[in-house]
Amino acid sequence: MSGFVTKPEPVQVPGLVHLHTGKVRDLYRAESGDLVMVASDRMSAHDWVLPNEIPDKGRVLTQLSLWWFDRIADIVPNHVISTELPAGAPADWKGRTLVCRSLEMIPVECVARGYLAGSGLTEYEADRTVCGIALPEGLENSSELPAPIYTPALKAEVGEHDENVSYEETARRIGAELANQLRRTTLDVYARARDIARERGIILADTKFEFGLLDGALVIGDEVLTPDSSRFWPADQWQPGRSQPSFDKQLIRDWLVSPASGWDRHSEQPPPELPAGIVEQTRAKYIEVYELLTGTTWA
Ligand SMILES: Nc1ncnc2c1ncn2[C@@H]1O[C@H](COP(=O)(O)OP(=O)(O)OP(=O)(O)O)[C@@H](O)[C@H]1O
Ligand SMILES: [Mg+2]
């Protein structure tokens, strides 16, 4: 079982057409045809969108994405038009709303990995490859890879895992030229971000981008280089051979599988409400990663 513990009703704003409620974002179309993307405070873990919200999380994700978009703008243009609230939008949307160009999204989740973790580790342990890329013997959990690799995936329904595929499979689906452009751009943005994060004591283990087309040109969309789309590890605690503490969801994941939660993740039951302390500490983690990366104080 997985999905939303309770799926929220979309907020109605005159002049905006609600298009989609994602795990984290609510999408609307403005009369101009532009997309209005509102990042909620929803949190997902263990394939569930949890009953609690993490206050300010959507703002942190939005502000961090904006910060990164500026730092990669010479590599690839992005979808952001403005951060102004549409007329009539609730005050709570401030800081979490982006007016964006509506892109024709490319149905490939573009993942770059510099370290071995998650589904990459699982595949490596099975046959020493990740998405068809052969890797040397002797790597362990969280090892740095000899060089970053592009490991595309196909997007799954809410509650399902994305499916890793080979580069060749993406080329069959979207054409060789576009597949190659995705791979190149993903690895270029990863390398830039990895170096920036590294200077600030953070390892960018892996990250996922979503790209779209605007008049035939490649544009980066969605969110970028946030704790929800990336694995960030504190560099000073990095130790291959074990799982690394993640900056953001670790507390929640650990609590949910601990006896304290009373929840069996393999049961049909949805996860329970989180204790207030876990919510507050998780909020602090999101803010910490924002502050470490940007070098600014969260206002
Ligand atoms: N500029 C854009 N134009 C069109 N769609 C976009 C754009 N930027 C992001 N999207 C889409 O908006 C959605 C963002 O919502 P969110 O991140 O909550 O979704 P998700 O949980 O990742 O997946 P799902 O939408 O399947 O629930 C994604 O489906 C993403 O592909
Ligand atoms: Mg998303």
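Residues numbered from 1 in each chain as written. Chains lettered and ligands numbered in written order. Predicted model: local features only at pLDDT ≥ 70, side-chain atom pairs only at ≥ 80, totals over all residues. Heavy atoms only, no water.

## Remarks on unusual backbone geometry
Moving on, step 1. Within the chain, Asp 56 stands out as a residue other than glycine whose phi angle is a positive 80 degrees.
Moving on, step 2. Examined against the element boundaries, Asp 56 turns out to sit in the loop between β6 (48–53) and α1 (57–71).
Moving on, step 3. Classification of Asp 56 as buried rests on a relative accessible area of 18%.
Moving on, step 4. A positive phi angle, near 50 degrees, is found at Asp 215, a position not held by glycine.
Moving on, step 5. With respect to the helices, strands and loops of the structure, Asp 215 is situated in the loop between β17 (211–214) and β18 (217–220). (Helix = DSSP H or I, 4+ residues; strand = E, 2+ residues; numbered from the N terminus. Buried < 20%, exposed > 50% of the residue type's maximum accessible area, 1.4 Å probe, protein only.)

## Things to note about helix α6 (residues 276–294)
Moving on, step 1. The end-to-end C-alpha separation of α6 is 27 Å, in line with the 27 Å expected for 19 residues at 1.5 Å each.
Moving on, step 2. Of all the residues in α6, the buried ones are Ile 278, Val 279, Thr 282, Tyr 286, Ile 287, Val 289, Tyr 290, Leu 293 and Thr 294.
Moving on, step 3. Just past α6, the residue Gly 295 takes up positive phi, approximately 70 degrees. (Expected span 1.5 Å × (residues − 1).)

## Examining helix α4 (residues 176–199)
For an α-helix, the turn length of 3.6 residues means that residues three or four places apart are oriented alike.
Moving on, step 1. In a regular helix each residue adds 1.5 Å, so 24 residues correspond to 34 Å; α4 covers 35 Å between its end C-alpha atoms and thus fits that length.
Moving on, step 2. For α4, the set of buried residues is Leu 178, Ala 179, Leu 182, Thr 185, Thr 186, Val 189, Tyr 190, Ala 193, Ile 196 and Ala 197.

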